[in-house]
Every structure is written in C-alpha cells, then in structure tokens.
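Listed below are the residues making up each chain.
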Amino acid sequence: MTVQRADARRNYARILAVAEEEVAAHGADASLEQIARTAGVGSATVRRHFPSRSALLEAVFSERIEALCARAVELTGAADARAALLDWLGALTTYAASARGMADALTQDGMDDPEHVNACSAKLSGAADPLLRDAVRAGAVAPGVTVADLITLVTGIALATEHHPDPAVEAHRLLGLTVAGISPRR
C-alpha cells in the first residue's frame, strides 16, 4: 500500500467534502468540473482520486452504505425474519429517498465505467443476502426474490419520488404497496 503525501490527503478530503455538497444539491449528475473548481484543484486531480463518477459516488455514500450493511448484520437471525427484512428495506428506502443522488449510485445500468462493479450495490447485497435467505426460509418472501431485486425496487421508488414534496414519506408509502405485493401478511 502506498502512503499518500499530506497534500494528496488534503486534496482527497477537500474534493470529497465538496462532492458531498454538490451531489446533495445537484444529484448524481453533479459537475465534476464544478467540484474541481470549488475544491480548488484541477480536473486531473479529481480524476486521479476518483477515476470515474461511480467511484466518486461510492466514496460520497460510503458511510451510509456501511450503516446499512451493519443494520443488515444486526437484523440477521431475528425471530421474525419478515419484520427484520422490512426493517432493513425501510432503512434503505429512508437513505435512498433522503440522500439526493444515492438512488443513482445504486443503479446497475448507465454506469460511466462498465468495468466498475457497482460497489455500493455489491456491499449491500453481500450484507443483506443472509437477511433475505432467512425471510425466504420463513416463507415470508418468494424463493426467486434476490437482494438485487429489492435494491432495484427501492431505487426505482426513490427515483420516482425524488421531486415529491416529501420524498421519504411518499417512498415509504410506495414501499408499503410493493411489500404487500411481494410479501403479503398471512
């Protein structure tokens, strides 16, 4: 592992802080050139630290992704597997609907770097897969449902409600309708 110079570490931190603000204001399509200008660095410096837009978005949302992964681990093995999965889906919906650009960061299509695996989705899938397996074993979810399916549903809901006056409330309402369809109460 190479050690970064102090100025490189400062540039990374400054770029990331500006990127967080720009993504919050303009979503996942925030201008990389504007991020560079506001951070006081050149575009090449931004690209050196973040070789693709997806790498930048992954860094912007890493803390939220880690929190969702930790929540999935906490909920795995719960006595009520359906409630545990719904709790996690609710947390994912809250994050995706409240953090502008996060739904875009979770999308599988349209990545600016086709070779880059969507690390945000991959981390969530790995953490939530045992939670989903528990729900399938309990008969609360159909066997063919995957974590990727659930992430796609939540992402779609978050994107659809992005311009709603209260995106999180509307996203949770739509999630409730979706859940009733994929996992009706017995």
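Let me begin by describing the structure that accompanies this report.

**Notes on the overall build of the protein chain**
- Each helix and strand in the protein chain was counted, giving 10 helices and 0 strands.
- Counting from the amino terminus, helix and strand elements in the protein chain follow one another as α-α-α-α-α-α-α-α-α-α.
- Buried positions account for 42% of the 186 residues belonging to the protein chain.
- Accessible area for the protein chain stands at about 9,800 Å²; split by element, carbon and sulfur atoms hold 55% of it.

**Brief notes about the packing of helix α8 (residues 119–137) against helix α9 (residues 147–161)**
- Where α8 contacts α9, the axes come no closer than 9 Å and their chain directions differ by 120°. Crossing hand, α8 versus α9: right-handed. Side by side, α8 and α9 meet where Ser-121, Leu-124, Ser-125, Ala-128, Asp-129 and Leu-132 of the first sit next to Val-147, Ala-148, Leu-150 and Ile-151 of the second.
- Of the residues assigned to the contact of α8 with α9, the class counts are 7 nonpolar, 2 polar and 1 charged.

**Re the nonpolar core**
- In this structure, Phe-61, Trp-88 and Leu-124 are the most contacted members of the largest nonpolar core, which totals 56 residues.
- Element by element, the count of residues in this core is highest for helix α6 (residues 81–98), at 8 residues.
- In contact with Leu-124, not counting residues within four places along its chain, are Ile-65, Leu-68, Cys-69, Trp-88, Leu-92, Leu-106, Val-147 and Ile-151.

**As for helix α4 (residues 53–60)**
- The buried fraction of α4 is high, at 6 of 8 residues.
- Buried residues along α4 sit in contact with α1 (6–26), α2 (32–39), α5 (62–75) and α7 (102–106).

**Examining the side chain of Thr-155**
- In this structure, Thr-155 sits in helix α9.
- The exposure class of Thr-155 is buried, given its relative accessible area of 4%.
- A distance of 2.7 Å separates a polar atom in the side chain of Thr-155 from the backbone oxygen of Ile-151.
- When neighbours within four sequence positions are excluded, Thr-155 is seen to be in contact with Ala-103, Leu-106 and Thr-107.

**Topic: the pattern of salt bridges**
- Taken as a whole and assessed by the stated rule, the structure comprises 8 salt bridges.
- The closest approach of N and O atoms between Arg-71 and Asp-87, which form a salt bridge, is 2.9 Å. With Arg-71 in helix α5 and Asp-87 in helix α6, this residue pair connects regions lying 16 residues apart in the sequence.
- For Asp-87, a relative accessible area of 33% puts it in the partly exposed group.

**What about the packing of α1 against α4?**
- Across the interface, α1 lies against α4 with an axial gap of 10 Å and an inter-helix angle of 90°. Between α1 and α4, the angle is such that the two are roughly perpendicular. Contact residues: Tyr-12, Leu-16, Ala-19, Glu-20 and Val-23 in α1; Leu-56, Leu-57, Ala-59 and Val-60 in α4.
- For the contact of α1 with α4, a count of residues per class yields 8 nonpolar, no polar and 1 charged.

**Quick notes on α2**
- All of the buried residues in α2 are Leu-32, Ile-35, Ala-36 and Ala-39. What you see down the axis of α2 is that its buried residues fit within an arc of 100°, all on one side.
- In this structure, the buried side of α2 is in contact with α1, α3 (43–49) and α4.
- Two or three places before Glu-33, at the opening of α2, Ser-31 has a side-chain oxygen 3.3 Å from that residue's backbone nitrogen.
- A positive backbone phi angle near 75° is found at Gly-40, which sits one or two residues after α2.

**Thoughts on the state of the cysteines**
- With the rule as written, the count across this model stands at 0 disulfides.
- Take Cys-69: it sits in no disulfide, and the sulfur closest to it among the cysteines is that of Cys-120, at 9.3 Å.

The rules behind these values
Residues numbered from 1 in each chain as written. Predicted model: local features only at pLDDT ≥ 70, side-chain atom pairs only at ≥ 80, totals over all residues. Heavy atoms only, no water. Helix = DSSP H or I, 4+ residues; strand = E, 2+ residues; numbered from the N terminus. Buried < 20%, exposed > 50% of the residue type's maximum accessible area, 1.4 Å probe, protein only. Areas by Shrake-Rupley, 256 points an atom, 1.4 Å probe, with all protein chains shown as cover. Axes fitted to C-alpha atoms, helices over the stretch in contact; angles between N-to-C directions. Left-handed = near helix turned anticlockwise from the far one by under 90°. Contact = heavy atoms within 4.5 Å. Nonpolar A, V, L, I, M, F, W, Y, C, P; charged D, E, K, R; others polar. Core = buried A, V, L, I, M, F, W, Y, C linked by side-chain atoms within 4.5 Å. Polar contact = N/O pair within 3.5 Å; in protein donor to acceptor, adjacent residues only side chain to side chain. Salt bridge = Lys/Arg side-chain N within 4 Å of Asp/Glu carboxyl O. Parallel < 35°, antiparallel > 145°, perpendicular 65-115°, else oblique. Arc of directions from axis to C-beta. Disulfide = S-S within 2.5 Å.

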